[in-house]
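Spelled out, the chains give:
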2 protein chains.
Amino acid sequence: MASRTVTLEQVARHAGVSPSTVSRILNGTAVVSDDKKQAVEDAIRTLGFVPNPVARGLAGGRTLSIGVVTQAIDSPFYGAALRGIEDTLGAAGYSPLFVSGHWNADEEARCIDVLRARRVDGLIVLTGRLSDAALRALARQLPVVVTGRSLKAPGLLSLDFDNALGARIATEHLLGLGHRSIAFIGGDPLHPDSREREAGFRAAFTDAGVTVDPMLMTVGDYQEAGGRQAIERLLDARRRFSAVFAANDQMAFGAALALHRRGLRVPQDVSLVGFDDLASASYSIPPLTTVHQPVMDLGRAAAAGMLALLAGSKPDTALPPPQLVVRESTASAVGG
Amino acid sequence: MASRTVTLEQVARHAGVSPSTVSRILNGTAVVSDDKKQAVEDAIRTLGFVPNPVARGLAGGRTLSIGVVTQAIDSPFYGAALRGIEDTLGAAGYSPLFVSGHWNADEEARCIDVLRARRVDGLIVLTGRLSDAALRALARQLPVVVTGRSLKAPGLLSLDFDNALGARIATEHLLGLGHRSIAFIGGDPLHPDSREREAGFRAAFTDAGVTVDPMLMTVGDYQEAGGRQAIERLLDARRRFSAVFAANDQMAFGAALALHRRGLRVPQDVSLVGFDDLASASYSIPPLTTVHQPVMDLGRAAAAGMLALLAGSKPDTALPPPQLVVRESTASAVGG
DNA sequence: TTGTACGCGTTATCAC
DNA sequence: GTGATAACGCGTACAA
């Protein structure tokens, strides 16, 4: 382990060249003769030189760091995305700077201010609360990648998952099993993806020529407690249903507990489908049938997109389509 | 929204003072007359000046950023700690730089190199894989806070949770319910806390005058799959047990699934206790009895400790004691 | 109390 | 191709 701060200038001296030459070699800014190049590389190795990103940032205007706005750093859902981002960015020499917006537009704006003050080279916003206009304005100042919405603007890449289609195939699965009375537990109504999932749910019904029972449409908060309460309300009101579609896995887990508490078995009495395919979904009891979201891929794609924006090349915007993972929480309807 | 980079120098000009005076006011480095102070503060406000941390880092040697080494950014366990760290650090104007070591000493060392290259002002290491010696060496170079081990060294603060006691009270709970044949699922044997939990388990037996059945001692990997396989091995070998203590919740979830698959009910046939009290523990089926770890507090304490080290004051090292959360996965032993 | 001058480690712009 | 030289924005001795 090299011990203390070796500077570029020392490398230059050691190699018998000027600092500029060293810099050029480091950044590939210009062509340098092979012998000098060799000398410098040797010097770098023997001295254990590591470029100082701080100085680099001041001089070159780039910090090699990317701000990542997530809603909660400890989100079971976005965790995987953060990991994908970290991997992809790290491989390119960039470091992510994670901040949490806590589902609050103001806080999110403050976070972004902090990130910009730290001179991040770009911004990745995972399902933010900011307006499209604010995002567009931001994109005029630095490269921006957003997920969870569709938005076209210069310097901006948006990666959207087809929530409607996901909800649709989940609902079709239930319908295909013979279920007709299907309760829907929606997420935060302010979330666009929540609305899209509801739309997909309804679309599947329409396509199948089945009518949605409005009394079975409930609203949660994307948390376990919301799913649980939704089921409890339904049960307290003596509603009849043979299946439940929760707009995310966390609510599905809450629903499962409520069902369990009331003596209803999954899937024998009630089938249950979630959305997201959290890591824990395959170890819930019973393992949850759910719509898989390629969250880590999303993170990777977002990071790769950012890298592309930074490099001025055309980012690849392809995201895998939604896919239903059938496990053990769904079964054929017995009575209907 | 202030639009473009206002510099300290511009503020100085606007206020009719020298740059150093502005700097002094910003950092409280020296006493400044009230009128100039007022003028500068006005200028800062009207110009919308925001200090550039990059330049600050280069000049002053401080970056106001703290490196945080976690094993996986998407860990369901450490997520809460990251959140606590983010909150506490952020309130003090510091930004965390999260990196993942992936339970690998080499990778962890590389991460630390990256962080040091970025000139972080301090390092928080959450249950790292590095040797005590390496950590001590590190602490000679910059303030270090470590969790998951007890270590005394100058410039280093270690925050340890009493794993042995936690395991002990969990085991006593089971013993108190009349269980005698208790299976133990250990975590990664390389993890010190895994060994401590096993020691606590054994200590409870010793205190109760009960003998541990070596055939019921199994090893997992701290993941769901490990817990599941452990139970499967036990059952395949026709071992008899009325309770299971898993060294963490994730393995307990895996164990629960394995039990469920074999037609064993929790807690009627087998009682189950976990360790950690993950957010999902209260929504598993049945809700899991487990040892609560104050993870967010741990994060807050680690950050506060770092701030104290940075300020040269004595950090408060107190951490809440382990506490058993009794939910619905444990019941009295029927047969023994 | 306040200002001047220099340095932090790199990159960028010139000349050569 | 290569080397001076000047920024980059701020902190801090040192002097006043």
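Going by the annotation in an unreviewed UniProt entry, the name recorded for chain A is LacI family transcriptional regulator, with Rubrivivax albus given as the source organism.

Accessible area lost when the parts come together is the quantity often used to give the size of an interface. The partner chain B presents 52 residues to the 52 residues of chain A that form the contact. Both sides together, the interface formed by chain A and chain B hides about 4300 Å², and carbon and sulfur atoms give 56% of it. The three residues of chain A that bury the most area against chain B are R118, Y283 and I285 of chain A, which together make up 19% of that side's buried surface. Linking chain A with chain B are four salt bridges, by the criterion used here.

All right, on to the UniProt feature "domain: HTH cro/C1-type" (unreviewed entry) in chain A then. Under the local residue numbering, the UniProt record ascribes the feature "domain: HTH cro/C1-type" (unreviewed entry) to residues 7–50 of chain A. Secondary structure across residues 7–50 of chain A divides into 70% helix and 0% strand, with the first and last C-alpha atoms of the span separated by 8 Å.

In the vicinity of DNA strand C, 24 residues are found, and the nearest of them are L8 and A59 of chain A together with T21, R24 and S33 of chain B. Counting only the atoms of DNA strand C within 4 Å of the protein, the fraction contributed by sugar and phosphate is 66%. L58 of chain B is positioned such that a nitrogen or oxygen atom in its backbone is 3.4 Å from a base oxygen of DNA strand C. For the surface near DNA strand C, the secondary-structure elements that each account for two or more residues are α2 (19–27) and α4 (53–60) of chain A together with α2 (19–27) and α4 (53–60) of chain B. Broken down by element, the residue count for the surface near DNA strand C peaks at four residues, all from α4 of chain A. When its residues are assigned to classes, the surface near DNA strand C shows eleven nonpolar, ten polar and three charged.

Here we take up the relation of the copies chain A and chain B. Here the second copy of the chain follows from the first by a rotation about an axis and a shift along it. Of the two same-sequence chains, chain A is brought onto chain B (RMSD 0.3 Å, axial shift 0.1 Å) by a rotation of 180 degrees. Expressed as an axis order, the relation between the two copies is that of a two-fold axis. A high fraction, 98%, of the interface residues of chain A reappear at the interface in chain B, so the copies pair face to face through one surface.

All right, on to the packing of aromatic side chains then. Enumeration over the complete set of coordinates arrives at 14 aromatic pairs over all chains. Summarising the aromatic geometry, the rings of F201 of chain A and F245 of chain A are spaced 6.1 Å apart at their centres and angled 25 degrees between planes, so their arrangement reads as stacked. Linking F201 of chain A in helix α9 (residues 192–208) with F245 of chain A in strand β8 (residues 243–246), this pair joins segments that are 44 residues apart in sequence. Of the two residues, F201 of chain A and F245 of chain A, both sit in the buried class. Taking the centre distance of 6.3 Å and the plane angle of 90 degrees together, the rings of F161 of chain B and F275 of chain B count as edge-to-face. With F161 of chain B in the loop between β5 (156–159) and α8 (163–176) and F275 of chain B in strand β9 (residues 271–276), the pair connects residues that are 114 residues apart, well separated along the chain. Here the two residues F161 of chain B and F275 of chain B agree in accessibility, since each one is buried.

It is worth spelling out the nonpolar core at this point. Membership of the largest hydrophobic core comes to 145 residues, with the highest contact counts inside it found for F241 and F245 of chain A together with F241 and F245 of chain B. F241 of chain B has contacts with S181, A183, L216, I231, L234, L235, L259 and V270 of chain B, leaving out every residue within four places of it along the chain. Listed in part, the 38 residues of the second largest apolar core include V69 and A153 of chain A together with C111 and V120 of chain B.

Before going further, it helps to spend a moment on helix α3 (residues 34–47) of chain B. Residue and element names in this part refer to chain B. The first and last C-alpha atoms of α3 sit 20 Å apart over 14 residues, in line with the 20 Å expected at 1.5 Å per residue. The complete set of buried residues in α3 reads V40, A43 and I44. Each buried residue of α3 lies within a common arc of 100 degrees when the element is viewed along its axis, so the set occupies one face. Turned more than 90 degrees away from the buried face of α3, the exposed residues are D34, D35, R45 and T46. The elements touched by buried residues of α3 are α1 (8–15) and α2. Looking one or two residues past α3, G48 carries a phi angle of roughly 65 degrees, positive in sign.

Neighbouring DNA strand D are 23 residues; S20, T21, R24 and S33 of chain A together with L8 of chain B lie closest to it. The protein-proximal atoms of DNA strand D, defined as those within 4 Å of the protein, are 63% sugar or phosphate. A distance of 3.4 Å is found between a phosphate oxygen of DNA strand D and a side-chain nitrogen or oxygen belonging to K36 of chain A. One of the backbone N or O atoms of A59 of chain A is found 3.1 Å from a base oxygen in DNA strand D.

This brings us to the sheet that holds β5 of chain B. Residue and element names in this part refer to chain B. Taken in spatial order, the five strands line up as β2-β1-β3-β4-β5 in an open sheet, and their pairing is parallel. The sheet is open, and its two borders are formed by β2 (95–100) and β5, each paired with just one other strand. Direction aside, neighbouring strands of the sheet carry axes that sit 15 degrees apart on average. As judged from the six bridges shared by strand β1 (residues 65–70) and β2, these two strands associate in the parallel manner. Looking across to β2, one finds that V68 is bridged to F98. The sheet strands contacting helix α12 (residues 295–311) are β1, β3 (122–126), β4 (144–147) and β5, and the helix crosses β4 at an angle near 160 degrees.

What follows covers helix α5 (residues 79–91) of chain B. With 13 residues, α5 of chain B ought to run about 18 Å at 1.5 Å a step, and its terminal C-alpha atoms sit 19 Å apart, in line with that. The secondary structure elements touched by the buried residues of α5 of chain B are β2 (95–100) of chain A together with β1, β2, β3 and α12 of chain B. Directly after α5 of chain B, the chain includes G93 of chain B, whose backbone phi takes a positive value near 85 degrees.

This part takes up the pairing of strand β8 (residues 243–246) of chain B. Residues and elements named next belong to chain B. By the alternation rule, side chains of β8 split into A243 and F245 and V244 and A246, which are all buried. The pairing of strand β6 (residues 182–186) with β8 spans four bridges and is parallel. Looking across to β8, one finds that A183 is bridged to V244. In this structure, β8 lies alongside β9, joined through three bridges in parallel fashion.

A few words now on the UniProt feature "domain: HTH lacI-type" (unreviewed entry) in chain A. Taken from the UniProt record, the annotation "domain: HTH lacI-type" (unreviewed entry) applies to residues 6–60 of chain A. Note that residues 6–60 of chain A is 71% helix and 0% strand, and that its end C-alpha atoms are spaced 19 Å apart.

Turning our attention to the sheet that holds strand β7 (residues 217–219) of chain A. Residues and elements named next belong to chain A. What the six strands build is an open sheet, ordered β7-β6-β8-β9-β10-β11; its pairing is mixed. Bordering the open sheet on either side are β7 and β11 (323–325), each of which pairs with just one other strand. Looking at each pair of strands side by side, their axes are set apart by 20 degrees on average, direction ignored. In the sheet, strand β6 (residues 182–186) pairs with β7 via three bridges, with the strands oriented parallel. Pairing of G186 across the sheet is with V219, part of β7. Contacts between α9 and the sheet are confined to β6, β7, β8 and β9 (271–276), with β6 contributing the most and set at about 165 degrees to the helix.

Residues and elements named next belong to chain A. Under the defined criterion, the tally for this structure stands at 30 salt bridges over all chains. Residue D276 pairs with R197 through a salt bridge whose shortest N-O separation is 3.6 Å. Of this pair, D276 sits in strand β9 while R197 sits in helix α9, placing them 79 residues apart in sequence. With respect to class, D276 is no different from R197; both count as buried. Taking the shortest distance from any N to any O, the salt bridge between R327 and D277 comes out at 2.5 Å. Of this pair, R327 sits in the segment after β11 while D277 sits in the loop between β9 and β10 (289–292), and the two are 50 residues apart along the sequence. Residue R327 is classed as partly exposed on the basis of its relative accessible area, which comes to 22%. Taking relative accessible area as the criterion, D277 reaches 17% and is therefore assigned buried. Linked by salt bridges that have partners in common, R168, E172 and D207 make up one network.

Cut-offs applied
- Throughout this document, residue positions are counted from 1 along each chain, in the order its sequence is written.
- Chains and ligands are labelled by the order in which they are written, letters from A for the one and numbers from 1 for the other.
- Reporting of local features is limited, given that this is a predicted model, to residues whose pLDDT is at least 70; pairs of side-chain atoms are given and counted only at 80 or more, and all residues count toward the totals for whole chains, interfaces and linings.
- Water and hydrogen atoms play no part in the side-chain values, which are based on all heavy atoms of the structure.
- Throughout, a contact is declared for two residues whenever any of their heavy atoms are within 4.5 Å.
- Summed over both partners, the accessible area lost on bringing two parts together, with a 1.4 Å probe, is the buried area.
- Note on definitions: salt bridges are taken to be side-chain nitrogens of Lys or Arg within 4 Å of carboxyl oxygens of Asp or Glu.
- UniProt positions are given in the numbering used here, feature names are shortened, and annotations may be inferred rather than shown by experiment.
- To qualify as a helix, a DSSP run of H or I must reach at least 4 residues; to qualify as a strand, a run of E must reach at least 2; elements of each kind are numbered from the N terminus.
- In this text, near means that some heavy atom of the residue lies within 4 Å of the molecule or strand in question.
- Polar contact is the term for a pair of N or O atoms within 3.5 Å; when the atoms are in protein, one must be able to donate a hydrogen and the other to accept it, and sequence-neighboring residues count only if both atoms are side-chain atoms.
- Three categories are distinguished: nonpolar for Ala, Val, Leu, Ile, Met, Phe, Trp, Tyr, Cys and Pro, charged for Asp, Glu, Lys and Arg, and polar for the others, with Gly belonging to the last.
- All copies are superposed by least squares; the fitting set is the C-alpha atoms of residues with a pLDDT of at least 70 in both.
- Classification of ring pairs rests on two measures: the distance between centres of Phe, Tyr or Trp rings, Trp counted by its six-membered ring, which must be within 6.5 Å, and the angle between planes, read as stacked under 30 degrees, edge-to-face over 60 and tilted in between.
- The rule is simple: take the accessible area with a 1.4 Å probe, protein chains only, and divide by the maximum for that residue type; under 20% is buried, over 50% is exposed, in between is partly exposed.
- The definition of a nonpolar core used throughout is a set of buried Ala, Val, Leu, Ile, Met, Phe, Trp, Tyr and Cys residues joined through side-chain atoms within 4.5 Å.
- In this analysis, the expected span of each helix is defined as 1.5 Å times one less than the number of residues it contains.
- By construction, the arc corresponds to the directions joining the helix axis to the C-beta atoms.
- Paired strands are those between which DSSP finds at least two bridges.
- Every angle, taken between N-to-C directions, lies between 0 and 180 degrees, and every axis is a line fitted to C-alpha atoms, over only the stretch in contact when it is a helix.

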